[in-house]
Amino acid sequence: MEYLLANGQKLRIRAAKREDAAALLQMFRLAVTETPFLMTDPREAEQLTLEQEEAFVDGYRQSANHLFLVADVGGGIAGSLTITQSKWFKQRHVGELGIVILRDYWNMGIGRRMINTMLQWVERHPLIRCLHLNVMAHNEKAIRIYKKFGFTEHGRLEKAALQPGDRYEDLILMSLWVPDR
């Protein structure tokens, strides 16, 4: 899918490729320094290797039950979205959503477009019917976006994330049921 962003740049949402691993790793390492709302700490991100990132991408590419999208803006990666199907047989209908967008690309509709693309994939998926995600309670903008797509809150894990300055933050559990075709 290709879109024109308000800043005049072209956005292409596409499947991640192994060749994207270095750019994905660089994007992720930057993203974790730009927002406290990701679960990975910058020190942890710096420990990730190119080989690990390649294996991560390969794992998604080798399974029809997982999805790994990238937001390609002008040949660079501005964000990514993953759906990971549960490994448990009794939860094979469940996928977990993860999304990250670089700060320079916030408020341009990239996340919304990636979620729309993902939902089209889920609607065609033979098994996944329920999407889950965890979002930090203070990430009000993300919560509003998820709610616009129909995600509902199902609970909280109190003090589940430790933020800089030894400040604890709740995680909100949200899900979306995707009706059968």
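Since the model is a prediction, treat every value here as computed from it, not as a measurement.

Peer 1: I keep staring at the pattern of salt bridges and nothing clicks. Help me out?
Peer 2: All told, the structure shown has 8 salt bridges when counted by the stated rule. In this structure, R18 and E54 form a salt bridge, with 3.5 Å as the shortest nitrogen-oxygen distance. Of this pair, R18 sits in the loop between β2 (10–15) and α1 (21–34) while E54 sits in helix α3 (residues 50–61); the two residues are 36 residues apart in sequence, bridging distant segments of the chain. Judged by relative accessible area, R18 falls into the partly exposed class, the value being 39%. A salt bridge links R156 to E153, with the nearest nitrogen and oxygen atoms 3.6 Å apart. The partly exposed category is assigned to E153, whose relative accessible area is 38%. Connected via shared salt-bridge partners are R14, D20 and D72.

Peer 1: Before we go on, may I ask you to explain the nonpolar core in this structure?
Peer 2: Among soluble globular proteins, nonpolar side chains are generally buried collectively. One finds L81, I83, I110, M118, L131, Y146 and F151 to be the most contacted residues of the largest nonpolar core, which totals 49 residues. Counting residues per element, this core draws most heavily on helix α4 (residues 110–124), which supplies 7 residues. When sequence neighbours within four positions are dropped, the list of residues in contact with F151 reads L97, L131, L133, Y146, M174, S175 and L176.

Peer 1: Just checking my understanding: could you explain the UniProt feature "domain: N-acetyltransferase" (unreviewed entry) in the chain for this structure?
Peer 2: Per the UniProt record, the feature "domain: N-acetyltransferase" (unreviewed entry) sits at residues 11–179. In this annotation, residues 11–179 is assigned 33% helix and 36% strand; the end-to-end C-alpha distance for the span is 29 Å.

About the cut-offs
- Residues numbered from 1 in each chain as written.
- Predicted model: local features only at pLDDT ≥ 70, side-chain atom pairs only at ≥ 80, totals over all residues.
- Heavy atoms only, no water.
- Salt bridge = Lys/Arg side-chain N within 4 Å of Asp/Glu carboxyl O.
- Helix = DSSP H or I, 4+ residues; strand = E, 2+ residues; numbered from the N terminus.
- Buried < 20%, exposed > 50% of the residue type's maximum accessible area, 1.4 Å probe, protein only.
- Core = buried A, V, L, I, M, F, W, Y, C linked by side-chain atoms within 4.5 Å.
- Contact = heavy atoms within 4.5 Å.
- UniProt positions renumbered as here; feature names shortened; annotations may be inferred.

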